[in-house]
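Here's the letter readout for the chains.
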Amino acid sequence: MTTNPTITAAESIQIERKKLKRELTLLPLFGMIYFTVCGGAFGSEAIVGWSGPGMALILLAVTPILFSIPNMLMVRELSSMMPAEGGYYHWVKQGLGPFWGFLTGWMNLVVSWVDVSIYPVLAAYYLGYFLPALREGAVLGGIYLSGDLLSWFVALVLIWLITALQIRGTRLTALTTDWVAIVMLLPLLAMSVFGIINWVSSGVTIELPLLPEGETLFGAFSVGLFVAMWNYMGWELPTSAGDEIVNPRRTYPLAMVLTLVAAIATYAIPMLSGLYGGAGIDGRHQLWGIEEYQPGEGIGSVLTDYGVPKDKITSWGVDTTSSIGWEYPDIAHQIGATFAGVDGKFARFLGLIVTISAIFSMTGLFIGNSLSASRVPFAMAADGMMPLFLVKVHPRYGTPYVAIIVASVLFSMLSLSTFAFLVVVDVFLNMMALVLQFFALWALRFKKPNLAREKVPGGWIGLVLATLAPFFIIGLAIVSQISEEGLNSIWFGLIAIVVGALLYFLAKKCLKPGIPDVDPFVESKG
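What you see is a predicted model; the values in this text were computed from it and never measured.

Q: Looking at this structure, how should I read a nonpolar patch on the surface?
A: A surface patch of nonpolar side chains, amounting to about 760 Å² of accessible area, comprises Trp179, Ile182, Val183, Leu186, Leu189, Val193, Ile197 and Phe339. Counting residues per element, the nonpolar patch draws most heavily on helix H10 (residues 170-202), at 7 residues. Among the structural elements, Leu186 can be located in helix H10.

If you want it as structure tokens, here you go:
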């Protein structure tokens, strides 16, 4: 940790922590939270295909009210008490004890490592629209390189370019997300405008079903709920950079409100414009976001299960051997074809610019979500619960550069694999961490009753309602997932929790001795 034998590990930690720079103001922080929680409309298509258009719109309207707003109120109260580096790790530790704090930090780290690693790969996948070699492979120097390998090389370039950006400065990185968001949203806005024009000019109201053909209400709701929650999660993650936020007690709540408004608009407007602007006509909504059941099987069997006749599939011009259905680039293409009256240049242009939008979306999601993957290890190392070398802060840029580099090495390795169970693992572990944060919220009301904080409004009744709403959603999501898929759907998450519990005792024995606990209440002052 240090070459000076007269400086203890605890003193060295304090020296490094003081190097962190407070430079995240409202707009940069908004960009970071937006790409942690939302990151564009991409990914929401699956709610339409698997749950039906009516259920999709209901879920996108209800989830923010019952899930996001209570989360935001919880984050506001706890971050106003302890706006310290490490965020939720310290909240749960102070409320429930060191074991549960460590487990909360660990679960969110696993989510970061597994989840964030996929975004560079998806960016390379969308880039394959312009560079077919990324999907089909290529021969270089007489050696055949598969599309997966070439995509991984591209993902590595993206990972390490953004790593360099993150080391260069937190404010610069966050401002980059603002510009990425602007470039990403412009094509989606163009698509939405032409979709609405199609809707208005058609002069008819398109009737869309609540559920897919043959699907039960409970089945459609449970499948869509996981995806909807995934698209509205992550409010607490940027609090892990608490010591890098300017006036965090005021800035963070404002940034969350801006993000909620932006997220709802980002999901709802493109979806409505697509459903009513050409990509939902004649049952085409059943193509949105679906995936083949088994590799190589194609989406034909999925459509058949949903009762779509073969002649209708043929009339849609859909390749039933394709592994996936329509995503927003395909939806934009259909909107363009409807607007122009022919599947020609304009349709291809609209699909192309939305494909570019998808690349920027994946890039922004990687930047936003990777923040927690470096700040939480830094905070836990400063607390003596992870290796001390993770506490090193760049002397010029004021960023935890060693933790950033270590996280990027993990991203590089994990991006070799695509996890089919990504969304389930992501949501399950996030839900477990959120449950602990709400318990910590209650515990701190009794442990620290006189500490200044921005309380959940409505007194104790407001606190009960703010807790029961997300707990109801979380419980329903877990029960429905297990009833639909069995315990196999969450086995990776359960193993990760057990591993985290074992690591806690190992860290406490081998790393913690001689290092005092970080006091987040003292750290947050000033």
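Q: Can you help me understand helix H2 (residues 26-37) in this one?
A: An α-helix turns once per 3.6 residues; consequently, residues spaced three or four apart project the same way. Here H2 contains 12 residues, and its C-alpha end-to-end distance of 16 Å stays within 8% of the 16 Å for a straight helix at 1.5 Å per residue. Of all 12 residues in H2, 10 are buried; the element is thus mostly enclosed. Within the span of H2, buried status applies to Pro28, Leu29, Phe30, Gly31, Met32, Ile33, Tyr34, Phe35, Thr36 and Val37. Looking at the buried residues of H2, the elements they touch are H10, helix H11 (217-230), helix H12 (248-276) and helix H16 (345-382).

Q: Please clarify how the packing of aromatic side chains should be interpreted in this entry.
A: Each aromatic ring pair is summarised here by two numbers: the centre-to-centre distance and the angle between the ring planes. Taken as a whole and assessed by the stated rule, the structure comprises 24 aromatic pairs. Their ring planes at 75 degrees and their centres at 5.2 Å tell us that Tyr129 and Phe130 sit as a pair that is edge-to-face. The exposure class of Tyr129 is partly exposed, given its relative accessible area of 40%. Plain terms: the ring middles of Phe194 and Phe339 are 4.8 Å apart, the flat faces sit at 70 degrees to each other, and that makes the pair edge-to-face. In this pair, Phe194 sits in helix H10 while Phe339 sits in helix H15 (residues 328-340), placing the two residues 145 residues apart along the sequence. Through pairs of rings, three or more aromatic residues link up here, namely Phe42, Tyr125, Tyr126, Trp288 and Tyr328. One residue, Arg445, lies across the ring of Trp460, its end atom 5.3 Å from the ring centre.

Q: Looking at this model, I keep getting lost on the pattern of salt bridges. Mind explaining?
A: Opposite charge on two side chains allows them to pair when their charged atoms are near. Taken as a whole and judged by the stated rule, the model has 11 salt bridges. Residue Glu77 pairs with Arg445 through a salt bridge whose shortest N-O separation is 2.7 Å. You can see Glu77 sitting in helix H4 (residues 53-81) and its partner Arg445 sitting in helix H18 (residues 422-447), a full 368 residues away along the chain. No difference in accessibility class separates Glu77 from Arg445, as the two residues are buried. A salt bridge links Lys512 to Asp517, with the shortest nitrogen-to-oxygen separation between them at 2.4 Å. Classification of Asp517 by relative accessible area gives partly exposed; the value is 49%.

Q: Teacher, can you tell me more about the side chain of Arg375 here?
A: Looking at the secondary structure, you find Arg375 in helix H16. Separated by 2.9 Å, the side chains of Arg375 and Thr170 make a polar contact. Contact partners of Arg375, with chain neighbours within four places excluded, come to Glu85, Thr170, Ser240, Ala241, Glu244, Thr399, Pro400 and Ile404.

Q: Before we go on, may I ask you to explain H16 in this structure?
A: Here H16 spans 57 Å end to end across 38 residues, near enough to the 56 Å set by a 1.5 Å rise per residue. Taking the largest bend as the criterion, H16 deviates by roughly 25 degrees, centred on Asn369. Within H16, 31 of the 38 residues are buried, which leaves it mostly tucked inside the rest of the structure. The first or second residue beyond H16 is Gly384, which carries a positive phi of 80 degrees.

Q: Explanation requested: the layout of surface pockets in the structure shown.
A: Size it by volume and the second largest pocket reaches roughly 600 Å³. Lining the second largest pocket are 23 residues, and of these Gly325, Trp326, Glu327, Pro329 and Asp330 lie nearest its centre. When residues of the lining of the second largest pocket are traced back to their parent elements, those giving at least two are helix H7 (118-127), H15 and H16. Ranked by residue count, the leading element in the lining of the second largest pocket is H15, at 5 residues. Residues that form the lining of the second largest pocket fall into these classes: 11 nonpolar, 7 polar and 5 charged.

Definitions and limits used
- Once a new chain begins, its residue numbering starts again from 1 and follows that chain's sequence as written.
- Per-residue local features are limited, in this predicted model, to residues with pLDDT of at least 70; the limit for side-chain atom pairs, both in listing and counting, is 80 or more; totals at the level of whole chains, interfaces and linings are taken over all residues.
- As a convention, hydrogens and water are excluded, and side-chain values are obtained from all of the structure's heavy atoms.
- Surface patches are drawn from residues lacking salt bridges whose relative accessible area is over 30%; two like charges belong together within 9 Å, two nonpolar side chains (Val, Leu, Ile, Met, Phe, Trp, Tyr) within 5 Å.
- Residue exposure ignores everything except the shown protein chains as possible cover, and the areas themselves are Shrake-Rupley values with a 1.4 Å probe.
- Salt-bridge detection follows one rule: a side-chain nitrogen of Lys or Arg within 4 Å of a carboxyl oxygen of Asp or Glu.
- Working definition: helices are DSSP H or I runs of at least four residues, strands are E runs of at least two. Numbering for both runs from the N terminus.
- For a helix, the expected span equals 1.5 Å multiplied by the number of residues minus one.
- Only protein chains enter the accessibility calculation, which uses a 1.4 Å probe. A residue is then buried if its area is under 20% of the maximum for its type, exposed if over 50%, and partly exposed in between.
- In this description, contact between two residues means that some pair of their heavy atoms is separated by no more than 4.5 Å.
- Only rings of Phe, Tyr and Trp enter the pairing, Trp through its six-membered ring, and a pair is recorded when the two centres are within 6.5 Å. The plane angle decides the type: under 30 degrees is stacked, over 60 is edge-to-face, the rest tilted.
- Sitting over a ring, as applied to charges here, requires NZ of Lys or CZ of Arg to be within 6 Å of the ring centre and within 35 degrees of the ring normal.
- For this analysis, a polar contact is any N or O atom pair within 3.5 Å, provided that within protein one partner can donate a hydrogen and the other can accept it, and provided that sequence-adjacent residues contribute only side-chain to side-chain pairs.
- Note that the bend at a residue is defined as the angle between axes fitted to the seven residues ending at it and the seven residues starting at it.
- Think of a 1 Å grid over just the protein atoms. A cavity is a set of points where a 1.4 Å probe fits yet cannot get out, a pocket is an open set with protein on both sides within 12 Å along at least five of seven lines, and lining residues have an atom within 4 Å of a point.
- Grid points are joined across faces, edges and corners, and a volume is the space filled by probe spheres set on the points.
- Each residue receives one of three labels: charged for Asp, Glu, Lys and Arg, nonpolar for Ala, Val, Leu, Ile, Met, Phe, Trp, Tyr, Cys and Pro, and polar for the others, Gly being one of them.

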